[in-house]
Amino acid sequence: MNAQEKESAIRSMFSEYIESYAQHKGKMEVSSWLAQELQVHMSDKSSAEITSITREITMSLTIHQEKAKSLASAISQGKSKEKWFADEMKALTSDLSESEKEECMANLGKSVSKSKSELTEMITGSSPESVKVPTTPREIAGEICDSSVMGQAVADDAILSSGISADEGSPEAQRVIKEELQSGNDLGLKAAVAGASYTAAEKGLIDVPKENRAGICASIGQTVVEKAKVAGGFIAKTVGEGINWLERAAVSNVVGVAVALKGTAVATSAVYAAGVALSGYVVGATVAATTAVLAPVVLFSAGKELGDKAVRWVQKERPALVKKTAEVLKKGAEVAVNTAKNLGKAALKWLGFA
């Protein structure tokens, strides 16, 4: 399968999931619909396997939403996202010894740093000259925020270079997507993106690790829809507001994955759950590239009106976002980069589409 065929297959996969969800919304529980749709696309899996995948995706998405609400509540009370993240990580590792806590933060810091380096290489075409590894929860939260800014820059440019038709979705799918993006009651849409991501990964269309694949795909669903909200103009009126929303989403997403992983068989220890296995899956280059490609699919499936709106938003806000991305890249180390030039097809190239 060449790059063009692969891209077409991914679009078709996501369109099928979104169309199916739109047809069944209000008639079935999200989890029941997701299990049914996963079975249709992966008939080789047993009902027990489908039930397990569905449970993990829906559980992870629910945790993500709970943590997003918790962060929003904390911010409304004057707490910074960095302080909230530190408090959450403290609670998550409360059952560890002091040495284990230090190891956990060290692993998490290394993982976040590695992910940011991968994003830097994706955007610039070269590895950063030096890398500072964050050691405290607040420093780690700052690096996660930086990665979210870089990821959105790639996502926005994917919108401009995607060439996706803005009227692909049926009228019903267009209505449901717009309704969920606007209202924030978007569990079903996120489940559709997560289910399609899992299926695409199983078929070798996108690169998602097998270990904790359902949880990672839930994170992709969460991230794609939040990016679509920003690019579609549902969340922010300025690039600054958009960046703030993405930073909040990224920080709560990392905590959500940590909580979800801690209760699974993948988490052989709390150190593993909150450390190496965590942020590489959430803010790493592979997931960032995947979400960058998929966010336009969600937006353009909502029809010409929203597709055009997304393009206008990106065209208007892109200079400020590119500038912010360049500042982020140069904050830790000097990087020889023409950010605006290299951003264009970074995500598509990373996945072999360009």
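Residues numbered from 1 in each chain as written. Predicted model: local features only at pLDDT ≥ 70, side-chain atom pairs only at ≥ 80, totals over all residues. Heavy atoms only, no water.

Engineer: I keep staring at the overall build of the chain and nothing clicks. Help me out?
Structural biologist: Across its full length, the chain holds 16 helices and zero strands. By residue count, 56% of the 354 residues in the chain fall in the buried class. Intrachain contacts of the chain at a sequence separation of at least 6 include 77% that bridge at least 24 residues. Here the chain displays about 14400 Å² of accessible surface, and carbon together with sulfur accounts for 50% of that area. (Helix = DSSP H or I, 4+ residues; strand = E, 2+ residues; numbered from the N terminus. Buried < 20%, exposed > 50% of the residue type's maximum accessible area, 1.4 Å probe, protein only. Contact = heavy atoms within 4.5 Å. Areas by Shrake-Rupley, 256 points an atom, 1.4 Å probe, with all protein chains shown as cover.)

Engineer: I tried to follow the packing of helix α8 (residues 187-202) against helix α9 (residues 213-231) on my own but got confused; where do I start?
Structural biologist: Where α8 meets α9, the closest approach of the two axes is 8 Å, and the angle between their N-to-C directions is 130°. It follows from the interaxial angle that α8 and α9 lie oblique. In this structure, α8 meets α9 at a crossing whose hand is right-handed. Of α9, the residues touching α8 (which contributes Leu189, Lys190, Val193, Ala194, Ser197, Tyr198, Ala201 and Glu202) are Arg213, Ala214, Cys217, Ala218, Ile220, Gly221, Gln222, Val224, Val225, Glu226 and Lys229. (Axes fitted to C-alpha atoms, helices over the stretch in contact; angles between N-to-C directions. Parallel < 35°, antiparallel > 145°, perpendicular 65-115°, else oblique. Left-handed = near helix turned anticlockwise from the far one by under 90°.)

Engineer: I'm lost on the packing of aromatic side chains in this one. Help?
Structural biologist: The description of an aromatic ring pair uses the distance of the two centres, along with the angle that the planes make with each other. Enumeration according to the criterion identifies two aromatic pairs in this entry. Residues tyrosine 17 and tryptophan 33 carry aromatic rings whose centres are separated by 6.3 Å and whose planes lie at 90° to one another, so their mutual orientation is edge-to-face. With a gap of 16 residues between them, tyrosine 17 in helix α1 (residues 3-24) and tryptophan 33 in helix α2 (residues 30-41) connect regions that are remote in the sequence. Assigned by exposure class, tyrosine 17 and tryptophan 33 land together as buried. An aromatic cluster is defined as three or more aromatic residues linked by ring pairs; in this entry it consists of Tyr17, Tyr21 and Trp33. Over the aromatic face of phenylalanine 234 sits the side chain of lysine 309, whose NZ or CZ is 5.0 Å from the ring centroid. (Phe/Tyr/Trp six-rings, centres within 6.5 Å; stacked < 30°, edge-to-face > 60°. Lys NZ or Arg CZ within 6 Å of the ring centre and 35° of its normal.)

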